[in-house]
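# A look at the structure
Residues per chain are reported as follows:
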Amino acid sequence: MSKDEIDRRAVLAGTTALTAAALLPPTASAQTTAPAGSPALPARGEFVVRGAHVLSMDPSIGDFESGDVHVRDGVIVGIGLSVQAPGATAIDGKGTICMPGFVDTHWHHWTTFLRSVMRADDPKKTYFPVTFALGVHYTPEDSYRAVRLGLAEALSAGVTTTHNWAHNVRSPAHADAEIKAMRDSGLRGRFAYGPAQGMPNTQPMDFADIARVKRDIGKDQMLTLGVNSRNIDGSNASRGAINADMAKKEWSAARELGLPITLHTNGSASIQLLKDADLLGPDVQLVHPLNTNAADWELLAKHGVHYSTSPLGEAGRTGEMQFIEMMQAGVKVSMSIDNVTAERCDCFACMHMMQTINKHRTGGKFALTTKKLVEVATIGGAEDLGFADITGSLTPGKRADLILVRTTAPHMGDIGDPYDALVQLAQPSDIELVAVDGRILHRNRQFTALEYGKLVADGAQSVTALKAKAKWS
Ligand SMILES: [Zn+2]
């Protein structure tokens, strides 16, 4: 489509040329810093959302039933009842909620396209057997394609920051491929460098390469680095079962590099192992608050450890989901998607599941309000990942990671409290606009900077090759 055609359509639609700006190739000055060969991301530009129900998630700012949010060059520069923004392209926010994008805190993006191989009703074809059998054959290109597909789903569902929990880093080239996928997609996030599927438990991770990646990333507001550790309690051998000595060695190597550490857990055993090895600390994120006890919660709170809960997946696991008890004990809890092979990326459903679990377990006695749930899904995640200074709330000076959620669909029309609507009623298909770092990456249910059909086709090609290598039938 030519620029003239885009402008003509914008005029016909009674809109300004913002959509046009988002669709046009960026100017030289607005080029992304992504590696050579990457597709260009849209320019950041300047826009103002007008007349939206604004939920800032910043207590010092509050909410506006009808308010404006002004963004310039990737930064939130104004928010209020009515913001002066001469020269900014106006976006009509009426009938939408304007809020910070969701922050996911644990997601195995490399598994995404394996959903085409999985069957929920066949134990041999569920998440673990499939990801392990095919994961050991991944090329760097496979990693790139799978991560891009996962990030596309994230964007379309309003996730603007993600924790890419990469536990199939088979070589330095695989790490680079996943990082390139993150940069090419335009989301903010942490890359958690991990082991490879099937790696011997006696073999340490490649910390020389982790140090190299740290140098390569440098200081970057879009991308940070962490380390994911193999399981240390032996509860899931396909995800590793290292002993305490190996854990001490690897965790101290991560800490020498100043990198945060994340670990899957499945109950008290792993927490007690970490305690005995003196490894707990505020740089630790644990995942899946299941099967723990009051002594664990006290210990975790004392050491400033935080926990990521993946409500949709955990609801199907054995044992008790205990994020409520952890929150009551003072442990910081955030929310995560985990994977989009056996689950789906639906932050509204995740919040709703947390609310349901609270009702089920406490009869609603714990005050897990709908506003608190939206906090957990936004600023809470940003705090977990160390991004709270730059995202997680609509605060002037922070980077512009925001979404518009339409509230006029048949399941949403005439909403009451906006937080209740987000937790009880909203669906990912209500997300009308997604901006990350001031770039509009998804609008009117369309991607502005990627060819989704090509990502799907590339992924299918990878899966065919992986199945052949694995002799999978
Ligand atoms: Zn996980």
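Conventions used here
- Residues numbered from 1 in each chain as written.
- Predicted model: local features only at pLDDT ≥ 70, side-chain atom pairs only at ≥ 80, totals over all residues.
- Heavy atoms only, no water.
- Buried < 20%, exposed > 50% of the residue type's maximum accessible area, 1.4 Å probe, protein only.
- Helix = DSSP H or I, 4+ residues; strand = E, 2+ residues; numbered from the N terminus.
- Pairing = 2+ DSSP bridges.
- Phe/Tyr/Trp six-rings, centres within 6.5 Å; stacked < 30°, edge-to-face > 60°.
- Core = buried A, V, L, I, M, F, W, Y, C linked by side-chain atoms within 4.5 Å.
- Contact = heavy atoms within 4.5 Å.
- 1 Å grid on protein atoms, 1.4 Å probe; cavity = no way out; pocket = protein on both sides within 12 Å on 5 of 7 lines; lining within 4 Å.
- Points joined across faces, edges and corners; volume = space filled by probe spheres on them.
- Nonpolar A, V, L, I, M, F, W, Y, C, P; charged D, E, K, R; others polar.
- Salt bridge = Lys/Arg side-chain N within 4 Å of Asp/Glu carboxyl O.
- pLDDT = per-residue confidence, 0-100.
- Expected span 1.5 Å × (residues − 1).
- Polar contact = N/O pair within 3.5 Å; in protein donor to acceptor, adjacent residues only side chain to side chain.

## Considerations on the pairing of strand 16 (residues 439-443)
Extensive coverage of strand 16 is indicated by the burial of 5 of its 5 residues. As paired elements, strand 15 (residues 431-436) and strand 16 share 4 bridges and run antiparallel to each other. The residue bridging A435 from the neighbouring strand is I440, located in strand 16. Here strand 16 pairs with strand 17 (residues 446-447) via 2 bridges, running antiparallel.

## Some thoughts on the packing of aromatic side chains
Applying the stated criterion across every chain yields a total of 6 aromatic pairs. Centre to centre, the rings of F113 and Y138 are 5.8 Å apart; their planes meet at 35°, and the pair counts as tilted. One end of the pair, F113, is in the loop between strand 6 (102-103) and helix 3 (127-135); the other, Y138, is in the loop between helix 3 and helix 4 (140-156), with 25 residues separating them in the sequence. Here F113 and Y138 have matching classes, each one buried.

## Here's the deal with the nonpolar core
Counting residues in each nonpolar core, the largest one holds 116 residues, and the members touching the most others are F191, M351 and V405. A per-element tally of this core places helix 4 first, with 8 residues. In contact with M351, other than residues within four places in its own chain, are F102, M335, L373, V374, A377, L422 and V423. Counting 18 residues, the second largest nonpolar core, distinct from the first, contains V49, V69, C98 and L404.

## Here's the deal with the layout of surface pockets
A probe as big as a water molecule, rolled over the atoms, marks out the empty space that is left. The computed volume of the largest pocket comes to approximately 560 Å³. Residue lining of the largest pocket: 26 residues in total, with Y127, F128, R317, D338 and N339 positioned closest to the centre. Across the lining of the largest pocket, the residue classes break down as 5 nonpolar, 14 polar and 7 charged. Estimates place the volume of the second largest pocket at around 450 Å³. For the lining of the second largest pocket, the secondary-structure elements that each account for two or more residues are helix 6 (207-217), strand 9 (223-229) and helix 14 (379-385). Split into classes, the residues belonging to the lining of the second largest pocket amount to 9 nonpolar, 5 polar and 7 charged.

## Some thoughts on the pattern of salt bridges
Per the stated rule, a full pass over the model turns up 24 salt bridges. With a closest N to O distance of 2.7 Å, D401 and R188 form a salt bridge. A residue pair is termed long-range when its members are at least 10 positions apart, and D401 in the loop between helix 14 and strand 14 (402-406) and R188 in strand 8 (residues 188-193) qualify at 213 residues. A salt bridge links E375 to K372; the nearest nitrogen and oxygen atoms lie 3.8 Å apart. Residue E375 and its partner K372 are located together in helix 13 (residues 370-377), separated by 3 residues, close to a single helical turn. In the salt-bridge network here, residues are joined through shared partners; they are R44, R188, R399, D401 and D437.

## Thoughts on unusual backbone geometry
Positive phi, close to 50°, is recorded for D73, a residue that is not glycine. Take D73: it is sitting in the loop between strand 2 (63-72) and strand 3 (75-80). The backbone phi angle of D278 is positive, close to 60°, even though this residue is not glycine.

## Thoughts on the sheet that holds strand 6
Across the sheet, 8 strands lie side by side as 6-7-8-9-10-11-12-13; this open sheet has parallel pairing. Because the sheet does not close on itself, it has two edges, and the strands there are strand 6 and strand 13 (332-335). Bridge analysis of strand 9 against strand 10 (residues 261-264) gives 3 bridges, and the strand direction is parallel. Counted as the bridge partner of N228 is T262 from strand 10.

## Digging into empty space enclosed by the protein
Under the defined criterion, the tally for this structure stands at 1 cavity of 30 Å³ or more. In this structure, the largest cavity spans a volume of roughly 30 Å³. For the largest cavity, the full set of lining residues is M205, F207, V227, N228, S229, E250, W251, A254 and I261. For the lining of the largest cavity, the elements supplying multiple residues, two or more each, are strand 9 and helix 7 (244-256). Class assignment of the residues belonging to the lining of the largest cavity gives a composition of 6 nonpolar, 2 polar and 1 charged.

## Examining the confidence of the model for the chain
Looking at the chain, pLDDT values average 90 and 92% of them are 70 or higher. Contacts from residues 1-37, a stretch scored under 50 in pLDDT, to residues over four places away or in other chains number 41 contacts.

## Some details on helix 12 (residues 347-362)
An ideal rise of 1.5 Å per residue puts 22 Å on 16 residues; helix 12 measures up with 22 Å between its terminal C-alpha atoms. Taken together, the buried positions of helix 12 are C347, F348, A349, C350, M351, M354, Q355, I357, N358 and T362. Capping of helix 12 at its N-terminal end is provided by D346; its side-chain oxygen lies 3.1 Å from the backbone amide nitrogen of F348. Remark: G363 follows helix 12 within two positions and exhibits a positive phi of approximately 65°.

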